[in-house]
Amino acid sequence: MKSVVKQSAGVERVEDADKEKKKKRRSNRRSKHNSAAASVLVNETPVEAPEDLKTGIERKSSKADMSYDPPKQKGLEKRIPNEERLAKAFNSMPIMHFNEGAQLGDGRSGQDQRLVTDDGVFSKSCPDPIALESSSGTCTPSLFRSQQNNASTQSKLFAPHWPIEAVTDALEKGEAFKVLFRVNAYNQLEAYCKIDGVPTDILINGIAAQNRAVEGDTVVIKVNAFPLWTKTKGSTGTGLSNHSAHREDNLPPEVNESVASSNKEKSKMRADCENDEDTREVAGSAAYNYVTGHQPSTSDSSCESSSVRQNEGADAVARLAAMVSSSPTKRPTGIVLAIVEKSSRRDAIVGFLNVKQWFSYKKDAKNKNCLSFSDLEYIHLTPTDPKVPKMVVLARNLPECIKKRFESGDATAETELVAARIDGWSEESPFPQACVLHTFGKAGELGPHISAIMHENSIICADFRPESLSCLPQIPWELPQEEFLRRKDLRNLCVFTIDPSAATDLDDALSVERLPAGTFRVGVHIADVSYFVLPDTALDVEAQVRSTCVYMSRGKLSMLPPLLSENLGSLNPGVDRLAFSIFWELKGSGDVVDRWVGRTIIRSRCKLSYKHAQDIIDGQDFHPPEGFPKLHGHFELLDVIKSVKCLHEISKTLKKRRFEGGALQLDGFKVDFLFDEYGVPYDSVINEQRDSNFLVEEFMLLANTTAAEVISRAFPGSALLRRHPEPNMRKLRELEAFCQIHDLELDTSSSGQFHQSLEKLREKLKNDSMLFDILILYALKPMQLATYFCSGELKDNVDDWGHYALAVPLYTHFTSPLRRYPDVIVHRTIAAVIDAEEFYLKHIIRSVKAEHLDEVSQGCFTGICFDKDAAESQQGREALSTAALKHRIPCAEVLAGVAAHCNDRKLAARQVKDACDKLYTWFLLKKKEILLSEARVLGLGPKFMSIYVHKLAIERRIYYEDIEGVTVEWLESTSTLVLGLSTHRRIKGISKALESVAWIVNPYDLNAESDKKTMCGCGVRSMGDGEAAPQDLVPNTKTAIDPGTFPLTVSLLSTIPVALNAVGGDDGPLDIRARLYMSSYLG
C-alpha cells in the first residue's frame, strides 16, 4: 500500500509539471507526418531496466508481478531532459553532420545483429548501436553537439533492450508478454499490443516507451502498474477518440470465407514490375520433417517445470484480464523491453529524401559552392507509411544515380520514390539509420507507385525461375494412362465452371444429378494441382514462398507459372483434367445423407461467367444461344440451364440452414475501377454480389468444411486448418453503444444473433442505405482476422479451432489450389487420407471372410461417419503412417511455420489490393481536381470529425482546431459541434489557414462554376469537345451537391457537403484530403 501511495504521489507531481507545458505543445498534436514531434508525457515514459537485468543477472523476485514497478520521483526527474530532447528532435530535424575523422564502429555500415538467430535462439542483446555515438569512435549529430560539449559521453535516449536471460525469465514468470507491435496510423506516438486473453489492447505511449520498436515487430512488453494506466479515451458512440487523434487501426477481417465472386478476381496479368530479391526458402527440404501417422503425445523430463512456468504465465494473463474488466474506464499501458523478431517491413521502406533541406544546409555551410558529400553527412528520409518513423541515411552510401543528382544541384530528386531498409537504431539516436537501395521513379506516376506498393509488402514480381519451370511437363501434354486406373472417370458427367468473365485460372467446377430416391448428388471438382507441384521440388519451394496470388484491379501476380495455372491445371472446357472431387447426396431439406471424396478425371462442358449464371437464374431465354459460351461434348444448352437452376435452389436451402445454424455474413459493397487503354483509371463503379456469386460460394464453403473434417480426423496433429476468433469484445461493446444511442437494436451475444439483428436493421434502414453501410463498416471493426494454423499447435485447445463467422467447428481452404498454397497442402493431406483408406481396406478385405465383406466400411476415413476404431487400430495406424510419408505431410512444427508464412503473405496480398485501390482513387481525384460529395459524420469532438464518403467507400478526418478565422464551439452534453467564421486574428505560426479545413465558394460564382465543370458524383469526369457523356454520368441538377453555410451545426450521423481532392504525389506521400464544402461571402 505504501508503494502505491508513493506511485500516485509521483504521478501527481509529474502531471502538475506537465500542465505547465501543455500550451507549448498544443500545436503539434495533430499532424500525422509530424506526430512524432509531440511532447511525451513523463508519466508515460518508461525507465531503464533494473541494473541486475541490464547485466543479464536473473531477477531475484520470488513473486510474479505483471505490473511494471515505477521508479522513485528522483528517477523520473532524471529522465525528463531526455524526453524533451526526443520531442525536440522530432519537431526539428536539421541535416545531421558528423565530426570529421569519426568512423562507423566496426565498419559494417549499419548491419545489425538480430535478437533472434537462425536457429531460433536469442542473441545477447539489442542491435549494435551504429553511428550517433561520440566517444566510442562513432559519430554524433550536430543536433546533440551542445550536450556533447557538456559531457564526455552522450546520454542515452532509450533504455537498453533487456538481455535474453532476463526476457526469458520475465516471460516464464508472467512478468512480461510477447506480443505484436502495432502503431496508430493517425498518431505515431501511440502503439498497441494485443495480449491473448486480455479484452483491451495495451497502450505503448511515447517513443521512449516504444523503445525503437517498429510497426510489425514482435516485442516483449511489461505492463505498467495500475496507477500509470490512462483513462479510456472517450468517444461519442463510435469508438473514435476525438481528444488526441487516437484510433486503433483494425484491418478488415475475413468474415465471409467466400471463394468465389469478388474474391476470385481472376484476370490476365500484365506486370511490368520486377523484383531483384532472390526467392527465399520458407521451410527448406533439408529441415523438412514428416508425419508418421498418428502421433502419440510425447513426454519430456522438463514437462513438470514447464507446466509450472506455463501456469504462472496463464495466471498473470488472468489477473491482468480481471484488472482490465474491473476498471472499464482505464486502459493498461506498458513499455517495450526487447525486440525478439524484427518486422519484414524494416527491409521494405518506401519514402522521400529531404533534398531541399540538404541543399539549404549546403547553402548555409562555409563552402557554399560545394555540393559534394563528406563521409559523415546524413540526409533525412520520410517514409510514405505514417506508421513508420522518420529516419536518417548516410549520404555517402546513397546509390550513385542519386548522388550525382544531388551533386549537380537537381532539386527534382526530392520527387523520387526510394526503397530503403532500416539498418539499426542506437540508444542515443531519435531516428533509425537507413540505407537507400534503389529508386522507383517519379512520384505521382502510376508505375512507380505500383512498384513501391509491391516492395513495401515484399511481393515477388519477378518471373518464375527456370528450375521451377523445369518441374512442369512439356506441352502438348496428355493424361498418363495409369491415372485412368487410379481415378474415377467422370468425363460423361455434366460438369461446368462459373467464374468472372476474364478468369483464366479455373480451379473449381460444379455438377448436379437428380437421383431416383428424390435426392440430389452435388459434386464439387477442384483442380489437382498437387499432381504437378510435388513436395520439396523447386516449384514447390517457390510456390510456398509466394504463397498466394496477388490481385489488383488491373491484373494479378500468380502463385504458379501460367503453364500450370492457366493450362495444365486449369479446368478449361473440352479437355481432360485431373481433379479432387467431393460428392454429397442431399435431401431437399439440405441434409447430407452420404458423401464421397476421391481422385477423379473430369471434362468441363462449358465456361460460364457469373453474368451467364445470373441470366439463367433470372430466367433469360438463350434461344438462339448467341452470347452463350460454347458447349463441348454431347450435353445440350438445356442440360446446363437445368443444372444451374437446380444448384441455385439447393444453394438457397444450404444458405438458409447455415444462417439458422449461427453463421454471420457482413456484406459491404465494393468499388471497381475502369481503366483506359494505357492502364490509367478513369471511372469507378459499385460492385455488388448477386445470386450467382452466392451459388458458387455455398458449395465452396461446404467443400472446405468437408475437407477440414477429413484431414483433422485422420491426422489430428498435423492438419492445416483455418480459424476465425471471436470479435474484440471492447470494440463490440462500442458498436452496441453506438446502436443504442441511435435507437438501433443489436444483439451480439452470438454470431447467429448478430446476423439476425443485422438483417432486421437492414429492413429497418431500407430507406437509409448509407447508414446501414456505415453500420456494416463498424460491425467489421471488432472482427479479428481469420488465420491458418496447424492443429497440433492447439491440440489442447480444440475450442479455439472454430470459425466464428461461419459458425463451424472445423474449416480449411481446399477449393483454390491454383491461387493459395495452403490448399496444395490440404490436397496432399487428403491424398494421404484416401491412400490410407485404400491401404487399410485392402488389408481388411484380405483378412475377412467373403460373407463379411458387406460389413467393411468403404469410406472409413473419408466418409460421413469416421471410423475411429479403424484409425486407431494397428492396421489403421500403419496405413496412415505409410500414406503420410508417401505424400510428405509436414510435422506439426514445420506445418506451423508454413501456416505463419501463409498468414503473412495473405495479409500482404490484401494490403496490396487495398493500397492499389487507394492509389486508383487518388488518380481519379487527381484528374478531377475537386470532387464534391455528401458525407456522414461518424465521430465528432472539439478537435476533429471523422466522416464517411459513401461514393468512394472511404473514411477521412477533418481537423478544425486552431484554424485562422474559424470559431469552434463543442457542446459536450449534446455531442454537437458549431463552426463559425470570425475576423479575430490568431498568433502567426500557430494557427492554420482556413482553406485547410474548408473549400469556400462565393455564392455569386456557384452558377458560373457549375456551367464550367461537372463537379459532383463519383465517376463524373470533364468531357472534351465533341465527347458525349455516358448516360449514367450526366449531372442531375436535382442531386447536385449544395454547399453548407456558416455557422455550421454538426451532430453525429449528420450529412454534410465535403470537397475531396488528391494531395501529395510529387511533393510527398499520396493522400486524399477532405474539407468542408462551404459558401460564404467572407471566404
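The preceding data block contains the structure.
We now turn to the structure provided with this report. (Residues numbered from 1 in each chain as written. Predicted model: local features only at pLDDT ≥ 70, side-chain atom pairs only at ≥ 80, totals over all residues. Heavy atoms only, no water.)

## Overview of the pairing of strand 27 (residues 931-940)
So, point 1. Counted residue by residue, strand 27 has 9 buried out of 10 residues, so it is predominantly covered.
So, point 2. Bridge count between strand 27 and strand 35 (residues 1055-1065): 6 bridges; the pairing is antiparallel. Looking at the pairing, Ser933 lines up with Val1058 of strand 35.
So, point 3. Summarising the sheet, strand 27 and strand 28 (residues 944-949) pair through 4 bridges and their orientation is antiparallel. Paired with Arg936 across the bridge in strand 28 is Tyr948.
So, point 4. Joining the antiparallel neighbours strand 27 and strand 28 is a turn of 3 residues. (Buried < 20%, exposed > 50% of the residue type's maximum accessible area, 1.4 Å probe, protein only. Helix = DSSP H or I, 4+ residues; strand = E, 2+ residues; numbered from the N terminus. Pairing = 2+ DSSP bridges.)

## Regarding the environment of Ala420
So, point 1. Along the chain, Ala420 turns up in strand 13 (residues 416-424).
So, point 2. C-alpha separation for the pair Ala420 and Val393, spaced 27 residues apart in sequence, amounts to 9.1 Å.
So, point 3. With sequence-adjacent residues up to four places away left out, Ala420 is seen in contact with Arg346, Asp347, Ala348, Ile349, Leu381, Cys435, Val436, Leu437 and His455. (Contact = heavy atoms within 4.5 Å.)

## Points about the side chain of Arg487
So, point 1. Tracing the sequence through the fold places Arg487 in the loop between helix 13 (481-486) and strand 15 (488-489).
So, point 2. For Arg487, a relative accessible area of 6% gives the class buried.
So, point 3. A distance of 3.1 Å separates the side chain of Arg487 from the backbone oxygen of Ala579, its partner in a polar contact.
So, point 4. Of the polar contacts made by the side chain of Arg487, one reaches the backbone oxygen of Thr600; its length is 3.4 Å.
So, point 5. Look past the residues within four positions of Arg487 in its chain and what remains in contact with it is Asp528, Tyr531, Leu578, Ala579, Arg599, Thr600 and Ile601. (Polar contact = N/O pair within 3.5 Å; in protein donor to acceptor, adjacent residues only side chain to side chain.)

## Observations concerning empty space enclosed by the protein
So, point 1. Per the counting criterion, the structure on display carries 10 cavities of 30 Å³ or more.
So, point 2. Of the pockets and cavities examined, the largest cavity occupies roughly 120 Å³.
So, point 3. Forming the boundary of the largest cavity are 13 residues, of which Gln188, Gln210, Ala213, Pro389 and Trp425 lie nearest the centre.
So, point 4. Elements with a minimum of two residues in the lining of the largest cavity: strand 3 (177-184) and helix 7 (207-210). (1 Å grid on protein atoms, 1.4 Å probe; cavity = no way out; pocket = protein on both sides within 12 Å on 5 of 7 lines; lining within 4 Å. Points joined across faces, edges and corners; volume = space filled by probe spheres on them.)

## Looking at helix 22 (residues 821-847)
Every α-helix carries 3.6 residues per turn, so stepping three or four residues along brings you back to the same face.
So, point 1. Its 27 residues place the ends of helix 22 40 Å apart at the C-alpha level, agreeing with the 39 Å of an ideal helix rising 1.5 Å per residue.
So, point 2. For helix 22, the tally of buried residues reaches 20 of 27 residues, placing the bulk of the element in the interior. (Expected span 1.5 Å × (residues − 1).)

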